[in-house]
Amino acid sequence: MLADFFQYDFLRYTFLTGLLIGVIAPLLGTFIVVRRLSLIADALSHVTLAGIAFGLMAEKKFGLMLPPLYSGMVFSVIGSVLIEKLRSVYKAFQELAIPIILSAGVGLSVIFISIADGFNTDLFNYLFGSVSAVSQNDFLMILGISVFVVLVVVFLYKELFTLSFDEEHATISGLHSKQIHLLFIVLTALVIAASIRIVGVLLVSALMTLPVAASMRLAKGFKQMMLLSILFGELSVILGLISGYYLSIPPGGTIVMISIIILLIAIGLKRIQSKPRKVRDSV
Amino acid sequence: MTEPVVSMKNISYSYESKKVLDHVNFEVPQGSFMGLVGPNGGGKTTLIKLILGLIKPDEGSIAIFNDSINPRKDRNKIGFVSQKANSFNKGFPATVFEVVSSGLTAKIGYFKFLNKTYKAKILEAIDQVGMLAFAYENIGNLSGGQQQRIFIARALVSDPELIILDEPTVGIDYENVKRFYELLHRLNKEQNKTLLLVTHDTGTMTEYATDIVCLNKELHFHGNPEEYTSLTEKDFSQFYGHPVNLVSHNH
Ligand SMILES: Nc1ncnc2c1ncn2[C@@H]1O[C@H](COP(=O)(O)OP(=O)(O)OP(=O)(O)O)[C@@H](O)[C@H]1O
Ligand SMILES: [Mg+2]
């Protein structure tokens, strides 16, 4: 069944890219979920769409060869920095930053798309993902992003964990919380741009959050949850890509549905596994 | 007497136009167990934020460990247990070990990993607060009082010289408040840690503290527990700006 994926170049790159995002999306997703920032992923994916639309428009209207992956990445990173700016402007209403950036992303996308007089099939691929969209160049770029993301998370793991658990305490203890947080949001933007080719704009945040939601039910501790999320993420991507290809369904749909099945199983397992053990007793 | 651990000179602070601290002079002597009391909104948490460097004073100067120049450098000499520790995100999927390890993050430094020595330190801190049996439990499965102990362990693990606690006993039952004070007392006497404790529970505090400070925008009282308990209702109404029922405080 896997044979096609190794026979055809474009499928091979798609498959390898899928393996990469199956690691990095849940890896960052773990921090995003525990920090209650899940919606930021959605906002950023829509900004990435604006960047992609801009790239497609530039190509179609002005003959500029601007690979959409790159323009999407640039928009996404700029969007992530703007979200942080807005969050510090609206200190007491930080979540306001999300609908502001999300709607700006959609607004810009609509404008760029209509200037270019539409580009239906391409757009469909970007919205829901595609098995045939990854070029060798895209793959190398995404490989670079993945290596960078994994290195940062490994070397700053304890700082990221400390910041996620208690931001105030992290600052008090002398960590550079603001800078680390900004770096984290920029990494998120990069991972979203990298994932969009395969899972699509509308479903990229699902790949970052659903595996985490499932592993949260089963894991003990943070590190275990992170590793389990990656396992679930990989499983969803592999099964989703294969089934999407053979059923001619955009992989975004199949990957997300498999994540949901995993989530349901995790919830079910937890139920059977006995009621949550409560620790009683004195202080 | 050695140098004070914290020394604040003429500190004023306002949120927007509202003055919260007005020319406060304040010292925490090395080795003391200082109780900081005062009415809600009296500026206790604000004072602590100033010490921790989270906000800057409008006026006056603060020296921590005799150093007013480079606050970040000395931050890992301070352990902090926050007023909000009780209301943290209960569902956070971390074990007790992981939570306590976060108290070492800044001390270990960027790009370095937890080694064996650090791991032993973490277990030791958990043991100190009597929670070793729960080291690998998720923090969310613990009771409020147990969680509070874990936050104390997180403050202890970096071996700070000064420990600041902002109303750590809120929501803890009487029996455990006593145990908690005994733990603080041991840290103060046996390990010579300097403690600064904000509390409304003055009854128990006066049994253990060496110094008591009363703050309501200005510093109204600074003395030892005997002096504090001999204060009259009239003194208190002055501090608090309204009549105070002393029954809950002493005698
Ligand atoms: N972030 C803030 N912005 C504006 N005003 C604030 C802020 N934090 C505190 N205040 C005000 O400053 C005053 C002092 O607050 P602070 O938290 O220091 O009091 P406190 O002594 O710790 O009170 P409590 O016993 O209730 O904890 C209060 O009147 C409060 O309304
Ligand atoms: Mg307070």
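Provided above is the structure to which this section pertains.
Along every chain, residues carry numbers that run from 1 in the direction the sequence is written. Written order decides the labels, with chains lettered from A and ligands numbered from 1. Whole-chain, interface and lining totals are the exception, using all residues; otherwise, since this is a predicted model, local features are given only for residues with pLDDT of at least 70 and side-chain atom pairs are given and counted only at 80 or more. To get the side-chain values, all heavy atoms of the structure are used, and hydrogens and water are removed first.

(A) The arrangement of the packing of aromatic side chains in detail. Each Phe, Tyr or Trp ring, with Trp reduced to its six-membered ring, pairs with another whose centre is within 6.5 Å; inter-plane angles below 30 degrees give stacked pairs, above 60 give edge-to-face pairs, and intermediate values give tilted ones. A complete count under the given rule lists 22 aromatic pairs over all chains for this structure. A ring pair is formed by F155(A) and F113(B), whose centres lie 5.6 Å apart and whose planes are at 50°; its orientation type is tilted. You can see F155(A) sitting in helix 7 (residues 136-155) and its partner F113(B) sitting in the loop between helix 4 (105-108) and helix 5 (116-128), one on each of two chains. Overall, the relative accessible area of 34% leaves F155(A) in the partly exposed class. Here F180(B) and Y181(B) contribute two aromatic rings whose centre-to-centre distance is 5.9 Å and whose plane-to-plane angle is 75°, an arrangement assigned as edge-to-face. For F180(B), a relative accessible area of 6% translates into the label buried. Throughout this description, buried means an accessible area under 20% of the type-specific maximum (1.4 Å probe, protein chains only), exposed means over 50%, and partly exposed covers the range between. Overall, the relative accessible area of 0% leaves Y181(B) in the buried class. A connected cluster of aromatic rings, assembled from ring pairs, spans F31(A), Y157(A), F161(A), F165(A), F184(A), F222(A), F92(B) and F151(B). By definition here, charges over rings are those cases where NZ of Lys or CZ of Arg is within 6 Å of the ring centre and within 35 degrees of the ring normal. A cation over a ring is seen here: R12(A) above Y13(A), with NZ or CZ 5.9 Å from the ring centre. Helix and strand labels come from DSSP, where a helix needs a run of H or I of at least four residues and a strand needs a run of E of at least two; each type is numbered from the N terminus.

(B) Molecular detail of the interface of chain B and chain A. Contact definition: two residues touch when any of their heavy atoms are within 4.5 Å. Listed by partner, the interface residues are 42 residues for chain B and 36 residues for chain A. Both faces considered, chain B and chain A share a buried interface measuring about 3,500 Å² in area, 61% of it formed by carbon and sulfur atoms. The buried area of a pairing is the accessible area, by a 1.4 Å probe, that goes missing from both parts when the two are put together, added over both. On the chain B side of the interface with chain A, the three residues burying the most area are F92(B), P93(B) and Y110(B), jointly 18% of the side's total. What counts as a salt bridge is simple: a side-chain nitrogen of Lys or Arg found within 4 Å of a carboxyl oxygen of Asp or Glu. Taken together, the links from chain B to chain A amount to one salt bridge. D166(A) serves as the salt-bridge partner of R154(B), at 3.2 Å between the closest nitrogen and oxygen. Under the rule applied, a polar contact is a pair of N or O atoms within 3.5 Å (in protein, one hydrogen donor and one hydrogen acceptor; residues adjacent in sequence only if both atoms are side-chain atoms). At the boundary of chain B and chain A, one finds nine residue pairs in polar contact (both at pLDDT 80 or more).

(C) Quick peek at the environment of T30(A). All names here are of chain A. Tracing the chain through its elements places T30 in helix 2 (residues 9-34). The class for T30 is buried, based on a relative accessible area of 0%. The contacts of T30, once residues within four sequence positions are left out, are V212, F222, M225, M226 and S229. For T30, the side chain forms a polar contact with the main-chain oxygen of P26, separated by 2.8 Å.

(D) Structural context of the packing of helix 3 (residues 38-62) of chain A against helix 5 (residues 97-115) of chain A. All names here are of chain A. Each axis is a line fitted through C-alpha atoms, and for a helix only the stretch in contact is used; angles between axes span 0 to 180 degrees, taken between their N-to-C directions. In the contact formed by helix 3 and helix 5, the axes pass within 8 Å of each other and the chain directions differ by 20°. Between helix 3 and helix 5, the crossing angle belongs to the class labelled roughly parallel. The handedness of the crossing between helix 3 and helix 5 comes out as left-handed. In this structure, helix 3 uses L39, I40, D42, A43, H46, V47, L49, A50, A53, F54, M57 and K61 to contact helix 5, whose residues at the interface are I98, I101, L102, G105, V106, L108, S109, F112, I113 and I115. In the scheme used here, Gly and all other residues not listed as nonpolar or charged are polar, with Ala, Val, Leu, Ile, Met, Phe, Trp, Tyr, Cys and Pro taken as nonpolar and Asp, Glu, Lys and Arg as charged. Considering only residue class, the contact of helix 3 with helix 5 consists of 17 nonpolar, three polar and two charged. An angle below 35 degrees is read as roughly parallel, one above 145 as roughly antiparallel, one from 65 to 115 as roughly perpendicular, and any other as oblique. Each helix crossing is assigned a hand: it is left-handed if the near helix lies turned anticlockwise from the far helix by less than a right angle, otherwise right-handed if that turn is clockwise.

(E) The arrangement of the site of ligand 1 in detail. Residues and elements named next belong to chain B. Note on terminology: near, applied to a residue and a molecule or strand, indicates that one of the residue's heavy atoms is within 4 Å of it. With respect to spatial proximity, 14 residues lie near ligand 1, and among them K18, G41, K44, T45 and T46 are the closest. Interatomic distance of 3.4 Å between a side-chain N/O atom of Y15 and a nitrogen atom of ligand 1. Within the backbone of G41, a nitrogen or oxygen atom sits 2.9 Å from an oxygen atom of ligand 1. Values of accessible area rely on a 1.4 Å probe in the Shrake-Rupley scheme; residue burial ignores everything except the protein chains shown. The fraction of the free accessible surface of ligand 1 (640 Å²) that becomes covered by protein chains is 66%. Counting only elements with at least two residues in the shell around ligand 1, the list comes to strand 2 (18-28) and helix 1 (44-52). For the shell around ligand 1, the element with the most residues is helix 1, which contributes three residues.

(F) Region of interest: the sheet that holds strand 5 (residues 78-81) of chain B. All names here are of chain B. Strand pairing is assigned whenever DSSP identifies at least 2 bridges connecting the two strands. Pairing within the open sheet is mixed, and its six strands lie in the order 5-6-7-3-8-9. Single-partner strands in this sheet number two, and they are strand 5 and strand 9 (218-223). This sheet shows a mean twist of 15° between the axes of neighbouring strands, independent of strand direction. In this sheet, strand 6 (residues 162-166) lies alongside strand 5 in parallel orientation, the contact comprising four bridges. Residue G79 lies in a different strand from strand 6, and its bridge partner there is I163. Contacting strand 5 and strand 6, helix 6 (residues 144-156) crosses the sheet at an angle of about 165° to strand 5.

(G) Geometry of empty space enclosed by the protein. Residues are called lining when one of their atoms sits within 4 Å of a cavity or pocket point, these points coming from a 1 Å grid over the protein atoms alone, where a cavity is a set in which a 1.4 Å probe fits but cannot get out and a pocket is an open set with protein on both sides within 12 Å along at least five of seven lines. Grid points are joined across faces, edges and corners, and a volume is the space filled by probe spheres set on the points. Taken as a whole, this structure holds three cavities of 30 Å³ or more when the rule is applied. By volume, the largest cavity is sized at about 110 Å³. Lining of the largest cavity is provided by 14 residues; of these, H169(A), S173(A), I78(B), G103(B) and S158(B) occupy positions nearest its centre. Listed by contribution, the elements that provide at least two residues to the lining of the largest cavity are helix 9 (167-172) of chain A together with strand 5, helix 4 and helix 6 of chain B. If one sorts the elements of the lining of the largest cavity by residue count, strand 5 of chain B sits on top with three residues. Within the lining of the largest cavity, the residues separate by chemical class into five nonpolar, six polar and three charged.

(H) Local environment of the sheet that holds strand 1 (residues 6-15) of chain B. All names here are of chain B. Strand order in the open sheet formed by three strands is 2-1-4, with antiparallel pairing between adjacent strands. The outermost strands of the open sheet, each flanked by one partner alone, are strand 2 and strand 4 (59-64). Averaged over all adjacent pairs, the angle separating strand axes in this sheet is 25°, with direction ignored. Where strand 1 meets strand 4, five bridges bridge the pair, whose relative direction is antiparallel. Bridge pairing links S12 to E59 in strand 4. Relative to strand 1, helix 1 is tilted by about 120°, and along the sheet it contacts strand 1, strand 2 and strand 4.

Treat this as a map of the structure, not an account of what it does.
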